[in-house]
Amino acid sequence: MRVMGLISGTSVDGIDVALVEITGCQRDLTVEFVTGATYPYPSELRSQILQVCSGTPLSLAELAQLDDAIARTFAQAVMTLQQSSQPADLIGSHGQTVFHRPPQSTQLGYSLQLGRGELIAHLTGITTVSNFRVGDIAAGGHGAPLVPILDAYLLRHPQYHRCIQNIGGIGNVTYLPKLNSTPILGWDTGPGNTLLDLAVQYFSQGTQSYDKDGAWAATGTPCLPLVEQWLQQDFFQQPPPKSTGRELFGWDYWQRCLTELEPYKLSAADVLATLTELTAASIYHSYCQFLPQLPDEILLCGGGSHNRYLKYRLQTLFNPIPVFSTSELGLNADFKEAITFAVLAYWRWLGIPGNLPSVTGAVSEVLLGEIHTVFTPNVIP
Ligand SMILES: Nc1ncnc2c1ncn2[C@@H]1O[C@H](COP(=O)(O)OP(=O)(O)OP(=O)(O)O)[C@@H](O)[C@H]1O
Ligand SMILES: CC(=O)N[C@H]1[C@@H]2OC[C@@H](O2)[C@@H](O)[C@@H]1O[C@H](C)C(=O)O
């Protein structure tokens, strides 16, 4: 079955689309990556999304308009990719997260992804699975991260314990103990690129959106006392299961960082080096604090895997554990999340649960996603 997976993540840097060919059944799957592309949002729509993600109030009428605009943009991404590929039989669309509230004591979590699947199904004529997180949340889980179950199918090793570290807007890890040993673990490690991107946009007066290859931060010096101070904050000390988003590591957090950095009279490069160190150190400390043992290998994915300076800092902290990209194993580091939602859609279509309670904290396995079937009347020959 040809399945198209779509996601736009917390960086809101574009819609990742992956077309995969899935064969096999139940858990014994073969997933072949056919093609992928990333389609940027129209700039006005991206600005609207970022404002909502930063907590700008939204009326229900504005919410409806935004949901429609995102769904239409996702549908357009499907149709654009299909101009140069075979048509998909099924779509798995994560949509765009605009709000995420982790569960707290007796309060359930809540996670809102816009770009409703029923409109994508109608516009594309392809059965669409969407809204993947709410089933796990209803079962008491965080609804995130969901990618670990795919990491387990694609990257688990018979002899080596592995960590798969996504560095998107937010960072999240999957711990894959070697086959047939301890349970799979996973959690959000904290900021990936969100704070870095906000800082680059600030210091470049909006002329740059991210620190390509980490070249700017590499010319600076991190303020280690501040990084150590920030790592004492509740989120970094909280044991898994845990998830986060721009609600914590977004605009307000960046403003607090800027205020706390002020007395040190740092250069722009020093500030970027400090934020890069926060990302690297938060990953390192979470592995040391919450894993049963450090892994034998660390594989990076997500846009931050292209940040050479960040990769250098991670390799320095983790030496002698090798740190490399999933792309070096043939799994495209930029499209792994989109591939995940293609497979999750496939499992939903088969009626197979897609969450890992050992990761999200849900009380049970649940079916992930809502199926929006396209009705094609039987044409009597
Ligand atoms: N060459 C590069 N050098 C440095 N950073 C890069 C490079 N390419 C991408 N990035 C960073 O990666 C970010 C996008 O990563 P990605 O697409 O994985 O995020 P996302 O999927 O939206 O986030 P999340 O996984 O949290 O949902 C960019 O905003 C940028 O900060
Ligand atoms: C609510 C939400 O969209 N969370 C994202 C975010 O981006 C990275 C990290 O936080 C991860 O937990 C999750 O997405 C990936 C695809 C996941 O669910 O595995």
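Residues numbered from 1 in each chain as written. Chains lettered and ligands numbered in written order. Predicted model: local features only at pLDDT ≥ 70, side-chain atom pairs only at ≥ 80, totals over all residues. Heavy atoms only, no water.

Under an unreviewed UniProt entry, the name given to the protein is Anhydro-N-acetylmuramic acid kinase, and the organism recorded is Planktothrix tepida PCC 9214. Turning to the protein, the UniProt record has this under Catalytic activity (unreviewed entry): "1,6-anhydro-N-acetyl-beta-muramate + ATP + H2O = N-acetyl-D-muramate 6-phosphate + ADP + H(+)". (UniProt positions renumbered as here; feature names shortened; annotations may be inferred.)

Chemist: Summarise the nonpolar core; cite the residues concerned and give the values.
Modeler: By size, the foremost hydrophobic cluster in this structure holds 39 residues, and its most contacted members are V3, I22, F132, I339, V343, L344 and W347. Mapped by element, the contributors of at least two residues to this core are β1 (2–8), β2 (15–25), α5 (148–155), β10 (297–301) and α12 (336–350). With 9 residues, α12 is the single largest residue contributor to this core. Counting contributing residues per domain, this core is built from domain 1 (2–143 + 335–372) and domain 2 (156–329), each supplying no fewer than three. L45, C53, A69 and V98 belong to the second-largest nonpolar core, a separate cluster that totals 28 residues. (Core = buried A, V, L, I, M, F, W, Y, C linked by side-chain atoms within 4.5 Å. Buried < 20%, exposed > 50% of the residue type's maximum accessible area, 1.4 Å probe, protein only. Helix = DSSP H or I, 4+ residues; strand = E, 2+ residues; numbered from the N terminus. Domains from an automatic or database assignment.)

Chemist: So, the UniProt feature "binding site: ATP" (unreviewed entry) in the protein: which residues are in play, and what are the values?
Modeler: The UniProt feature table records "binding site: ATP" (unreviewed entry) at G9, T10, S11, V12, D13, G14, I15 and D16. Topologically, S11 is positioned in the loop between β1 and β2. Overall, the relative accessible area of 13% leaves S11 in the buried class. By the secondary structure assignment, D16 is in strand β2. On the accessibility criterion, D16 (15% relative accessible area) is buried. Residue contacts for D16: discarding those within four places in its chain leaves G5, L6, I7, A37, T38, D334, F335 and A338. (Contact = heavy atoms within 4.5 Å.)

Chemist: Can you lay out the site of ligand 2 for me, pointing to particular residues and giving the numbers?
Modeler: If you check the shell around ligand 2, you find 17 residues, and the closest are T97, R133, L146, V147 and D188. Between ligand 2 and T97 there is a distance of 2.7 Å, counted from an oxygen atom to a side-chain nitrogen or oxygen. Within the contact set of ligand 2, an oxygen atom lies 2.8 Å away from a side-chain nitrogen or oxygen of R133. For ligand 2, the protein covers 96% of the area, taking 440 Å² as the surface of the free molecule. Secondary structure elements with two or more residues in the shell around ligand 2: β4 (90–101), β8 (170–176) and α12. The biggest single contributor to the shell around ligand 2 is β4, with 3 residues. Of the residues belonging to the shell around ligand 2, the class tally is 7 nonpolar, 7 polar and 3 charged. (Near = heavy atom within 4 Å. Polar contact = N/O pair within 3.5 Å; in protein donor to acceptor, adjacent residues only side chain to side chain. Areas by Shrake-Rupley, 256 points an atom, 1.4 Å probe, with all protein chains shown as cover. Nonpolar A, V, L, I, M, F, W, Y, C, P; charged D, E, K, R; others polar.)

Chemist: I'd like a rundown of α12, residues and numbers included.
Modeler: Counting along an α-helix, one turn takes 3.6 residues, and residues three or four places apart therefore face a common direction. For α12, which comprises 15 residues, the first-to-last C-alpha distance of 21 Å matches the rise-based estimate of 21 Å (1.5 Å per residue) to within 8%. Of all the 15 residues making up α12, 12 are buried; the element is thus mostly covered by neighbouring parts of the structure. K336, A338, I339, T340, F341, A342, V343, L344, A345, Y346, W347 and R348 are the residues of α12 that are buried. Phi for G351, located one or two positions after α12, is positive at around 80°. (Expected span 1.5 Å × (residues − 1).)

Chemist: Got a sec to walk through a nonpolar patch on the surface? Specific residues and values, please.
Modeler: A surface patch of nonpolar side chains, about 250 Å² in accessible area, is lined by W349, L350 and I371. Note on placement: L350 falls in helix α12. Overall, the relative accessible area of 32% leaves L350 in the partly exposed class. (Patch = residues over 30% accessible without salt bridge, like charges linked within 9 Å, V, L, I, M, F, W, Y side chains within 5 Å. Salt bridge = Lys/Arg side-chain N within 4 Å of Asp/Glu carboxyl O.)

Chemist: For the sheet that holds strand β11 (residues 323–325), give the residues involved together with the corresponding values.
Modeler: What the 5 strands build is an open sheet, ordered β9-β8-β7-β10-β11; its pairing is mixed. The open sheet terminates on both sides in strands that have one partner only, identified here as β9 (185–191) and β11. Mean inter-strand twist for the sheet, computed between neighbouring axes without regard to direction, equals 25°. As judged from the 3 bridges shared by β10 and β11, these two strands associate in the parallel manner. Bridge pairing in β11 links I298 to V323. The sheet contacts of helix α10 (residues 268–290) involve β7 (162–167), β8, β9 and β10, and relative to β9 the element is tilted by about 150°. (Pairing = 2+ DSSP bridges. Axes fitted to C-alpha atoms, helices over the stretch in contact; angles between N-to-C directions.)

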